[in-house]
Amino acid sequence: MYNIRSIHLHHIKMTLKTPFVSSLGTVKERESLLVEVRDHQGCTGWGEAVAFSSPWYTEETVGTCRHMLKDFFIPMLLNHQFVSPSEVGKALSVYRRNPMAKAAIESAYWDLYAKLNEMSLSKLLGGTRTEVEAGVVIGMGRVKEMLSQIEAYTHEGYRRIKIKIKPHQDLEVVKEIREHFPDILLMADANSSYTLNDIQRLQALDEYQLLLIEQPLAADDIIDHASLQKSMVTPICLDESITSYHDARQAVELGSCGIISIKPGRVGGLQTSREIHDFCVKRDVPVWCGGMLETGISRAHNIAVASLQGFTIPGDLSSSSRYWEEDIILPEIKVENGRLKVPETPGIGFEINNTALEKFQIAYENFYPDRKFQ
Ligand SMILES: O=C(O)CCC(=O)C1=CC=C[C@@H](O)[C@@H]1C(=O)O
Ligand SMILES: [Mg+2]
């Protein structure tokens, strides 16, 4: 049984080492909202809202997450007793959507529960892998620069490269990459920049043995993706379109994709991630764990999720140093030989770097249950 004393919101801002460019824009600074759930013994669980500052990727933002957490989710959860973290998502389901805000707090409850039970988060979720394969994402840029980044990352051992594409920055780029690196596992993310009118361009990509094409069509579409998938050999992977178990089930039933990217933040948390995973395993749909340019806290949750058996494609699980001069966890995440060790220590398996947290924090709020004993 949980005995929550307080919940804390840490609003932070970190600067990326280099700007990250996709078809939708450029991220230079990353704001993030960290959720800390604390019990009466001072044990803490951590989660992270992975929404961006503005609604360019999905409709949620750091601001909407804060609103949902502060005005609805935290007051409700603080006055609720839970036996298991698998119940938290269900309690939150009385509120519609807002999966990133929900995931932020739900995942903190999972971390705390795992710590209280002296279990790693991976074990608690049913993970079986002791290591996970690491992939890395390269933002849009000049082809020459992209080639040298791919060279460096493959040399570092990364098992899979993801690039960003959009109409007219696709075929030439992929062709050139394939000429230099015929054998790498390569995937391309379009972030919804195509329509069915571009079908021939997309079909032309079939020639380059891409592992998958991520979210070519509209961010909320599954119907056009089903037509597209029928006309292409390369598996379509849905990212933005999958925000719940329901979305995943419908997409698989309709044949809208051959692969699903599970981002725990995007689908409302760890319980839903596990349910989507279990469903996909039953339906023979490979899954992998996508990233959100997040801090080490959400990355640690992702590593635990990626340790589940059905995660057969290397995830966006790069080292802390890929984006950050300094991460807010200790030790920092470090890819070795293209792999990450799945922590065996309780909870997410990383400590909070309080010095870094203080440095990056721009706001802080505390919440206590109604029956005040603060
Ligand atoms: O976290 C990472 O390493 C990369 C994440 C990444 O590629 C994305 C995160 C968020 C928005 C997008 O531009 C992109 C994606 O769509 O998958
Ligand atoms: Mg994507």
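Scoring rules and cut-offs
Along each chain, numbering runs from 1 in the same order as the chain's sequence is written. To label them, take the chains in the order written and letter them from A, then take the ligands in the order written and number them from 1. Confidence filtering applies because this is a predicted model: local features only for residues at pLDDT of at least 70, side-chain atom pairs given and counted only at 80 or more, and all residues used for totals across whole chains, interfaces and linings. UniProt positions are given in the numbering used here, feature names are shortened, and annotations may be inferred rather than shown by experiment. Strands are runs of DSSP state E lasting at least 2 residues, helices are runs of H or I lasting at least 4, and numbering of each runs from the N terminus. Restricting the calculation to C-alpha atoms gives the radius of gyration, and the globule rule supplies 2.2 Å times the number of residues raised to the power 0.38. Using C-beta atoms placed from the backbone, we call a residue buried if 20 or more other C-beta atoms fall within 10 Å of its own, exposed if 12 or fewer do, and partly exposed for counts in between. C-beta atoms are placed from the backbone for every residue, and two residues are taken to be in contact when these atoms lie within 7 Å. Whether a residue is near a molecule or strand depends on its C-beta atom, generated from backbone atoms, being within 6 Å of that molecule or strand. Under the grouping applied here, Gly and all other residues not named as nonpolar or charged are polar, the nonpolar ones being Ala, Val, Leu, Ile, Met, Phe, Trp, Tyr, Cys and Pro and the charged ones Asp, Glu, Lys and Arg.

The name an unreviewed UniProt entry gives the protein chain is o-succinylbenzoate synthase, with Metabacillus lacus as the organism. Quoted verbatim from the Cofactor (unreviewed entry) heading of the UniProt record, the comment on the protein chain is "a divalent metal cation". Reading the Function (unreviewed entry) entry of the UniProt record for the protein chain gives the comment "Converts 2-succinyl-6-hydroxy-2,4-cyclohexadiene-1-carboxylate (SHCHC) to 2-succinylbenzoate (OSB)."

Undergrad: Summarise the overall build of the protein chain; cite the residues concerned and give the values.
TA: Regarding its fold elements, the protein chain presents 13 helices and 15 strands. For 374 residues, the compact-globule estimate of 2.2 N^0.38 gives 21 Å, and the C-alpha radius of gyration of the protein chain, at 20 Å, lies within 12% of that figure. Each of the three principal axes of the protein chain carries a C-alpha extent, and together these read 65 × 40 × 35 Å. Going through the 374 residues of the protein chain one by one, you find that 51% of them count as buried. Intrachain contacts of the protein chain at a sequence separation of at least 6 include 72% that bridge at least 24 residues.

Undergrad: Before we move on, can you summarise unusual backbone geometry with the specific residues and values?
TA: Across the junction of Leu330 and Pro331, the peptide omega takes the value -10°, indicating a cis bond. Inspection of the secondary structure puts Pro331 in the loop between β12 (329-330) and β13 (339-341). The phi angle at Arg97 is positive, at roughly 45°, despite the residue not being glycine. Here Arg97 is to be found in the loop between α2 (88-92) and α3 (99-116). Residue classification places Arg97 among the partly exposed positions, given that 14 C-beta atoms sit within 10 Å. Positive phi, close to 75°, is recorded for His168, a residue that is not glycine. Locating His168 in the fold gives a position in the loop between β6 (160-164) and α6 (171-180).

Undergrad: Tell me what's going on with the site of ligand 1, and back it up with residues and numbers.
TA: Close contacts around ligand 1 come from Ser22, Tyr57, Val137, Asp189, Asn191, Asp239, Gly290, Gly291, Met292, Leu293, Asp316 and Ser318, and that covers them all. Residue classes in the shell around ligand 1 are distributed as 4 nonpolar, 5 polar and 3 charged.

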